[in-house]
Amino acid sequence: MGNRFTAYGTRASEHLLYLSNGSTDVFFDVLTLAGCALAETPWQRNLVLHLADGHRIGRGFDGFDLSELPWTEDWPEEKAFLLEVVDKALTRYGWDRLAYDPPYAQGDLRRYRAMVAGLPAPVPVRRPAAWGDWRVPPPPAELERCAVHDIYEGRLGCRLCDPELVPLPPRPGG
Ligand SMILES: [Zn+2]
């Protein structure tokens, strides 16, 4: 069981990042840590909230295609922000706040970065209502931060405090 993160219609040589459920949890954890440190605009915060709440309910069904993101006419800046988030995650930013050590995350992030980088001008798509309009500022309560992990609480509470999400064995002594 796993999740498919795809980039159909991009110029990337690889179009699919298939992650096990555990690797998907890690993927969202490390992107959330990086994104919470960077997001400033409503679109950016909505993206990071999507990551913070990712793979909490739809286990095994939470992959998405990059074209599904609610890109706007400002997509060049939005794409640059997503790359910035991936790059910050690649520096292992905030990984000291994880209870585990993720050995494969950097490889997954590198592959995903190439997929995002290859994204051409997104084609406006009919968007599923669930994604909403990311130009609208998210509810302030969702942007409140966990006192322990300093990431968004989101709709579902801090993902790093969630006992259901323990993708890898805890670090020795951690
Ligand atoms: Zn927390």
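Chemist: Summarise the nonpolar core; cite the residues concerned and give the values.
Modeler: Counting residues in each nonpolar core, the largest one holds 47 residues, and the members touching the most others are Leu66, Leu69, Leu109 and Tyr112. Residue assignment for this core shows that the elements contributing at least two residues are strand 2 (16-20), helix 1 (21-38), helix 2 (42-52), helix 3 (75-90) and helix 4 (105-117). Here this core takes nine residues from helix 1, the largest share from any one element.

Chemist: Let's hear about the packing of helix 2 against helix 3: which residues, and what values?
Modeler: Contact geometry of helix 2 with helix 3 gives a least axis separation of 11 Å together with a crossing angle of 45°. Classified by the interaxial angle, the pair formed by helix 2 and helix 3 is oblique. Like other packed secondary-structure pairs, helix 2 and helix 3 cross with a definite hand, here right-handed. Two secondary-structure elements touch here, helix 2 through Trp43, Gln44, Leu47 and Val48 and helix 3 through Glu78, Phe81 and Leu82. Partitioned by chemical class, the residues of the contact of helix 2 with helix 3 number five nonpolar, one polar and one charged.

Cut-offs applied
- Residues numbered from 1 in each chain as written.
- Predicted model: local features only at pLDDT ≥ 70, side-chain atom pairs only at ≥ 80, totals over all residues.
- Heavy atoms only, no water.
- Core = buried A, V, L, I, M, F, W, Y, C linked by side-chain atoms within 4.5 Å.
- Buried < 20%, exposed > 50% of the residue type's maximum accessible area, 1.4 Å probe, protein only.
- Helix = DSSP H or I, 4+ residues; strand = E, 2+ residues; numbered from the N terminus.
- Axes fitted to C-alpha atoms, helices over the stretch in contact; angles between N-to-C directions.
- Parallel < 35°, antiparallel > 145°, perpendicular 65-115°, else oblique.
- Left-handed = near helix turned anticlockwise from the far one by under 90°.
- Contact = heavy atoms within 4.5 Å.
- Nonpolar A, V, L, I, M, F, W, Y, C, P; charged D, E, K, R; others polar.

Any functional reading would require information that these geometric values do not contain.
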